[in-house]
Amino acid sequence: MNPVMEKNQSKKISPRIQWLRDYYFSGNKRKWNNEYTVWSTGTPWDLQYHEFTYYIVPEAYLMFDVMRGGYAQAARTIPVEKDFFNQSISQRRAAFVKEVMVNHLPQEILPGDLIAGGRFNVLTSMCLTQKEQADYNKRILGKSGVRAKVKWFHDHGYGNAGATSGHLLPGHGQVLKLGWKGIHQQITEQLVSLGNGSPAGPKAAQLRAMLTASTMARDLAEKYSRVCIRLMESETNGTREKELKQMAQNLTRVPWEPADDFWEAVQALWINHMLVMSDENYPGPGVSLGRMDQYLLPYWEKSKADGMDREFAKEILKCFWIHCNTAYDATIRCGNQGITAGYGQLITLSGMGADKKDLTNELTYMILEVIDELSPILEPKPNVRLHRGAPEKLYDLCIDMISTSQGAPFLLNFDERSMAGMLLQGQKGEIPGLINENNVHDYAPVGCLENTMVGNDRSGTVDNNLNILKAVERVLTRGKDLIPYTDPMTGKKEKITQEGPDTGDPASFTCFDQFMDAFKIQMAFIVQQCADLYELSESLRNDYFATPYLSCLVKGCMESGRDVTQGGAQISFTTLEAVTYATTVDSLLAVKHLVYDTKTCAIAQLTAALKNNWKGHEILQAQAKNRAPKYGRDDDAADSLARQVMEIFCNETWKHKTRSTNRQFRPGMLSWNYWAGDGHVMAASADGREQGQFLSNAICPSNGADINGPTANSNSVGKVLGGKLAQDTGDFKAFVNDLPNGASHTITFNPSLLKDPDHRNKFKAFLKGYNENGGTALQINMLDPDMLMDAQKNPGDHRHLLVRITGYNAYFTSIGKELQDEVIKRISHGQF
Amino acid sequence: MGSFNMTDSPMKPSARGMVLEIQRMSTEDGPGLRTTVFLKGCPLACDWCHNPESISPKPQLVWQGTGCIGCGICIETCENNALSLTPGGVVINRDLCQGCGHCADQCPSLSITLLGVTWTAQDLVKELAKDRAYFQSSRGGVTLSGGEATLQHEFSLEVLKGLQAQGIHTALDTCGMTAISILEKLLGHTDLLLFDIKEMDETRHKSFTGASNAIILENLMQLPGLLKKHPTELWIRTPIIPGATDRDDNIRSMGSFIALHLKDTVCRWELCAFNTLGKDKYTRLGKTWAHETTLPMEKRRMDNLVETALESGLDRAIVVHTGATRPISP
């Protein structure tokens, strides 16, 4: 058993859930799992692994050929009809995926489970003709193929871009209300509106594909209903027999019919959700669930009135929770339950409603209890939306959970700042009808924390990840790489070539403003490069990969007759995530400080130092690290340069649209794990960082730079997003936020801050202050002994760690080993 | 007015002040989230002090090895030959060091720093107001601490005034060793007074802190009158130091004193357990610490001392102990 779990044994949990959870954590030893199965049309050219969805995962680049070949070998063939290949790709995929899910993948129900819907991780044929597949391969492979270009972009330190699955909020609330029957009806009407008989053309073909997909959930539910009946017949326990009977009955109605009660709604939601993952052949990252406590509430109220026990409702939810975690089974043979990274089937709780009304309800609390009692289950990830009007009880409960979370991530979203960003997207993207003051409160985050609207929005929230630090490097080098790329296998160095514009010899710049002018030009160019790279996989997906089932759940696709992969969503954006923001800002601050303000060195000397990874320039490096100002300290001068960088990045981002799918780029800041990995790829930077050291993460200050504590750190973040208007209107209109997507912000706290009710109140004051001054979302981590031990070894990365023990305060790294050990001991034992 | 004369203070009254440190998101110096300003200079020199760098009113040079790259720039910079590089790091000859800070200005790694920065009251208020959003919902605000904030009373007054003008809650942390007129002046702009009582026995007080407790106790007796004139909440704080102030008789007699003179005035009495983590701060100042090997208080002992304090008849709700303790005697 997972050692973390043992600490949670005291939590309230029924034998049923205990068994399901233990079974889940037995991982590889499980008899049943949800490992990928692969399905082919049987053509010799068939391919199942569509690598473009993993172009944003540099670790996968070297595995692509293995995956393509390996999965193809493992594929089982399902023969297709003669005229199969005469249909549109979307129609083929709709039919093939449905065939796999309904007629080939086994349907099983685990003992005691209250929710049906087991296996869903599949890799299904791309369903292409020989000619199509050849064109696809031609565009992907070879020296000038997308794959090589993506790899080049990464290897040279720019980042990555690729058309990625998931990362959106299907219209779950709507489907529960209408049932698939209602969706089916709407598609039929759309099709009829195209003309009598059998209309031709791509729009009609797409609608037919969606029509096929819209009965997949119904047919699968019917299969599961039969499984329930079969199990019921051999069941000896009366209670379980009744449960199975009810499940069978539920499944004959939902998800086809509108859900009538809570059990039906959760059952329908699960099948609808899991089939998105099947349809996309993508086990979950960022396939988010949205404001679950809102759209499930009417069903809970109905069931409550009918006499459903509150604990039983939670039991249903807990089964749903366990199901979400089986997404990780896709690669279960890798060990650790297949968990390679958090998938982010994000749920959103509470938040502001229309007229600033708080929407916390009974279900909000029930779901929080479920999360708490099931801890340390990873999925679905909770995100609580806080705002000025959030109730004290909700704050208190969140803080209690943070204090007992044992380091489990707990994400908070801040409504006013987030909504200001979404409104900006409405204006900039010229869709005021779709995002405006009257509906912006309906937003919810997907994946990690990326804000989108619900049920009509695909904003490609992880698709473009650009290391904007590259723009500083290019000013120093006049548009080239600073260091040559070395092939790790052959050790051969590539020749450095002119990649971007020559912005002139920086030695000739007479002031820092000229440096910034050149930076702007280089930024414009790398943003353009990133958008161009994205276009290659975006157009590929547009041509060859449809997800008709998902398209049924995203408003706009039906109306436009375009798949969601073809830009069919009403709100169809793609997000450019700036990576290395603080490293970029700090590098610019260092250039300003060292070269122009204090004239410590000439720019050529700085460039030479960076080229040599600071070797032989240790004094200059120490000056860059320690004497140059840094972002994240609530230092107005430094933060104003940071704000300037934000504006330059955002302005350039808004200039782009995809050509094949007409999706507008929008700015965000999320760095997934790139800030660690790309630290090895990128050359040394002017902020004193050596090649190999981490870059900064999302909107966070550089590692260890926030020496003035969490409030100063948060104030800096709020300022660079745009701060607030001088006139506080009392609502989100007073807030400015240049990043509609939002920005990832993590702060580590000393656990002594949560040691008693008095201190928890102080922490609450911090969160309320963050709502006013901080960013869009906050990930709270607690200082733990491991981190302190790391700080002993790498003091430079942890200069900000403040140890506060009743009146005494000192930076952890400034005290001797003996005392550091003492502090670690205290934190390990909860003595502050 | 007591016999303590402000002209003895090495600080000249001025609207500029010598600040040791600004501590944001402070949770231990009054209610709510606070920003605590540690001012430099203290009339007492308690031998257990865990912030020894706050005692001297003058800027003090310290070297800490963590980031030092051994470049020797500090040694070249010093005109007084006060610095030397040894195998153990940079050594400061405190007889020669004039505290000019030129070396600190040049140190690439900030390993040599001059503790103590001059602020104008106006700039400091602006800096302190940056966290008002975090103060608001928790009755938080700013605490002036030290050292001893009353030593720089003109500066402190300006800062407190400036903060109150912006609606920010103010707390003043004092050791009580000050002229009552100064205290009165500051109380006019203070929302919360944190008053330390360390030791009731005068001889011991003198030996622990270097000064008699007569003025402190006299000031305490005058507090009820002053607080009536300038309504201010009062918290008493007592450091519980093993082998020094942690005696039952000390706490008992302190309890009686508080019950007799401050019963209707005091809102909270904190017994603050000794903090063992000061050693490196002494080393950096070139000093040795009398309490280097002293162990933390036992939790049970702190509980007992609270009971002793309560023998005075004070309300149980107001007496608490704070700080790190050890569970059981090793």
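Predicted, not measured: the structure shown is a model, and the values here were computed from it. (Residues numbered from 1 in each chain as written. Chains lettered and ligands numbered in written order. Predicted model: local features only at pLDDT ≥ 70, side-chain atom pairs only at ≥ 80, totals over all residues. Heavy atoms only, no water.)

S.K.: Help me out: how do you make sense of the sheet that holds strand S11 (residues 233-240) of chain B in this one?
M.R.: Two pairing modes exist for strands in a sheet, parallel and antiparallel, and in both the strands are linked by backbone hydrogen bonds. All names here are of chain B. Ordered in space as S7-S1-S2-S8-S9-S10-S11-S12-S13, the nine strands form an open sheet in which the pairing is mixed. Either end of the sheet is taken by a strand with one partner, and the two such strands are strand S7 (117-120) and strand S13 (319-322). Strand-to-strand twist of the sheet, defined as the mean angle between neighbouring strand axes without regard to direction, takes the value 30 degrees. Pairing of strand S8 (residues 141-145) with strand S9 (residues 169-174), which is carried by four bridges, proceeds in the parallel orientation. By the bridge assignment for S9, Thr143 is matched with Ala171. (Pairing = 2+ DSSP bridges. Helix = DSSP H or I, 4+ residues; strand = E, 2+ residues; numbered from the N terminus. Axes fitted to C-alpha atoms, helices over the stretch in contact; angles between N-to-C directions.)

S.K.: Can you help me understand the confidence of the model for chain B in this one?
M.R.: The predicted structure's coordinates, where accompanied by low pLDDT, should not be read in detail. Residue and element names in this part refer to chain B. The predicted model of chain B has a mean per-residue pLDDT of 92, with 95% of residues at 70 or higher. Confidence drops under a pLDDT of 50 for residues 1-13, and excluding neighbours within four residues, the segment shows 20 contacts in the predicted structure. We note a pTM of 0.93 for the whole complex and an ipTM of 0.93 for its interfaces. (pLDDT = per-residue confidence, 0-100. Contact = heavy atoms within 4.5 Å.)

S.K.: Would you explain the interface of chain B and chain A in this entry?
M.R.: Many descriptions give the size of an interface as the accessible area lost when the pieces come together. Of the residues lining the interface, 47 residues belong to chain B; the matching set on chain A comes to 48 residues. In total, about 3,900 Å² of surface goes out of reach between chain B and chain A, with carbon and sulfur atoms giving 54% of it. Together, Met25, Tyr134 and Leu277 of chain B form the three largest contributors to the area buried by chain B at its contact with chain A, with a combined 20%. Our count for the chain B to chain A interface comes out at 14 residue pairs in polar contact (both at pLDDT 80 or more). (Buried area = accessible area lost by both parts, 1.4 Å probe. Polar contact = N/O pair within 3.5 Å; in protein donor to acceptor, adjacent residues only side chain to side chain.)

S.K.: Looking at this structure, how should I read the confidence of the model for chain A?
M.R.: Confidence in the prediction for chain A averages 92 pLDDT; 94% of positions are at 70 or higher. The low-confidence segment residues 1-10 of chain A, where pLDDT is below 50, has 16 contacts with residues more than four positions distant or belonging to other chains.

S.K.: What is the right way to read the pairing of strand S7 (residues 411-414) of chain A from this model?
M.R.: The two faces of a sheet get side chains in turn, since along a regular strand they alternate between them. All names here are of chain A. Residues Leu411 and Asn413 of S7 are buried on one face, and the alternating residues Leu412 and Phe414, pointing to the opposite face, are buried as well. Where strand S6 (residues 382-386) and S7 come together, four bridges link them in parallel fashion. The residue of S7 that forms the bridge with Asn383 is Leu411. Two strands pair when backbone bridges link them, and S7 and strand S15 (residues 777-782) are joined in this way by three bridges, in the antiparallel orientation. What sits directly across from Leu411, in S15, is Gln779. (Buried < 20%, exposed > 50% of the residue type's maximum accessible area, 1.4 Å probe, protein only.)

S.K.: How should I be thinking about the side chain of Thr607 of chain A in this particular structure?
M.R.: Residues and elements named next belong to chain A. Locating Thr607 in the fold gives a position in helix H23 (residues 603-611). Its relative accessible area of 12% is what places Thr607 among the buried residues. Apart from residues lying up to four places away in sequence, Thr607 is in contact with Leu476 and Leu482.

S.K.: What's the story with the packing of aromatic side chains in this structure? I'm lost.
M.R.: All names here are of chain A. Applying the stated criterion to the full structure yields 37 aromatic pairs over all chains. Ring centres of Phe262 and Trp300 lie 5.9 Å apart, and the angle between their planes is 70 degrees; this geometry places the pair in the edge-to-face category. Remark: Trp300 occurs in helix H13 (residues 297-305) and Phe262 occurs in helix H11 (residues 262-280); sequence separation between them is 38 residues. The same class applies to Phe262 and to Trp300, which are both buried. The interplanar angle of 10 degrees and the centroid separation of 6.0 Å between the aromatic rings of Phe512 and Phe515 together place this pair among those described as stacked. One end of the pair, Phe512, and the other, Phe515, are both in helix H19 (residues 512-544), three residues apart, so they sit about a helical turn from each other. Judged on exposure class, the residue Phe512 and its partner Phe515 are both buried. (Phe/Tyr/Trp six-rings, centres within 6.5 Å; stacked < 30°, edge-to-face > 60°.)

S.K.: Whenever I open this one, the pattern of salt bridges confuses me. Can you help?
M.R.: Side-chain pairing between opposite charges can occur once the charged atoms of the two side chains come close. All names here are of chain A. Counted by the stated rule, this structure contains 72 salt bridges over all chains. For the salt bridge of Lys733 with Glu437, the shortest nitrogen-to-oxygen distance reads 3.6 Å. In this pair, Lys733 sits in the loop between helix H27 (709-721) and strand S14 (746-749) while Glu437 sits in the loop between helix H17 (415-428) and strand S8 (444-446), placing the two residues 296 residues apart along the sequence. Ionic pairing is found between Arg663 and Glu538, a salt bridge with its closest N-O pair at 2.9 Å. Of this pair, Arg663 sits in the loop between helix H25 (636-654) and strand S13 (664-668) while Glu538 sits in helix H19, placing them 125 residues apart in sequence. Across the pair, exposure class does not vary: Arg663 and Glu538 are buried alike. (Salt bridge = Lys/Arg side-chain N within 4 Å of Asp/Glu carboxyl O.)

S.K.: Would you take a moment to explain the nonpolar core for this structure?
M.R.: Nonpolar side chains in soluble globular proteins generally cluster together in the buried interior. Ranked by size, the top nonpolar core spans 249 residues in total, and within it Phe262, Leu296, Trp321, Phe515, Tyr581, Ile699 and Phe766 of chain A carry the most contacts. Per-element accounting of this core gives the leading share, 14 residues, to H19 of chain A. Those residues in contact with Phe515 of chain A, other than ones at most four positions away along the chain, are Val472, Val475, Leu476, Phe509, Leu588, Val591, Tyr596 and Ile603 of chain A. Membership of the second largest hydrophobic core comes to 71 residues, among which are Cys46, Phe208, Ile215 and Met302 of chain B. (Core = buried A, V, L, I, M, F, W, Y, C linked by side-chain atoms within 4.5 Å.)

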